[in-house]
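Working through the structure, step by step
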Amino acid sequence: AKICFMKEDRVLCVVEGADGQSLMEVAVANGIPGIVGECGGSLVCATCHLYVERGPVENLSPRSAMEEDMLELADTQVETTSRLGCQIVVSRMIEGLVVRRGDDIE
Ligand code: FES
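Residues numbered from 1 in each chain as written. Predicted model: local features only at pLDDT ≥ 70, side-chain atom pairs only at ≥ 80, totals over all residues.

**Let's talk about the pairing of strand β1 (residues 2-7)**
- Note that β1 and strand β2 (residues 10-16) share 6 bridges and pair antiparallel. Within β2, the residue paired with K7 across the bridge is R10.
- Linkage of β1 to β2, two consecutive antiparallel strands, is achieved through a turn of 2 residues, within which E8 is found at a positive phi near 50°.
- Where β1 lies against strand β5 (residues 97-101), 5 bridges are found, and the strand directions are parallel. When the bridges of β5 are listed, M6 appears paired with R100. (Pairing = 2+ DSSP bridges. Helix = DSSP H or I, 4+ residues; strand = E, 2+ residues; numbered from the N terminus.)

**Concerning the pairing of β5**
- Buried residues dominate β5, accounting for 4 of its 5 residues.
- Judged from the 3 bridges that link them, strand β3 (residues 49-54) and β5 form a sheet pairing that is antiparallel. Residue pairing for β5: Y51 is matched across the bridge by R100. (Buried ≥ 20, exposed ≤ 12 C-beta atoms within 10 Å, placed from the backbone.)

If you want it as structure tokens, here you go:
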């Protein structure tokens, strides 16, 4: 599915993610700045924090309790649209999803 990464108001790039990959993996594979994925998707780092901007938002699974806890520990601004990129799995259900890294979280 195609995923669009933004920085501030600017579209950085639209990339193709394979089904089953996490958004964090897609970002790292495509060199999206600021998305580190330090823990490799084990829900212990929050360096994959991103904001879901638009697209098929209703098709995303809700935040898990562990994801909520980890977001609280992030040294970055948490918004209602905040998600951990390693917890969003690519599928055709999220084709065209737009996500953003804020300046404050590089
Ligand atoms: Fe560490 Fe997502 S990659 S919490």
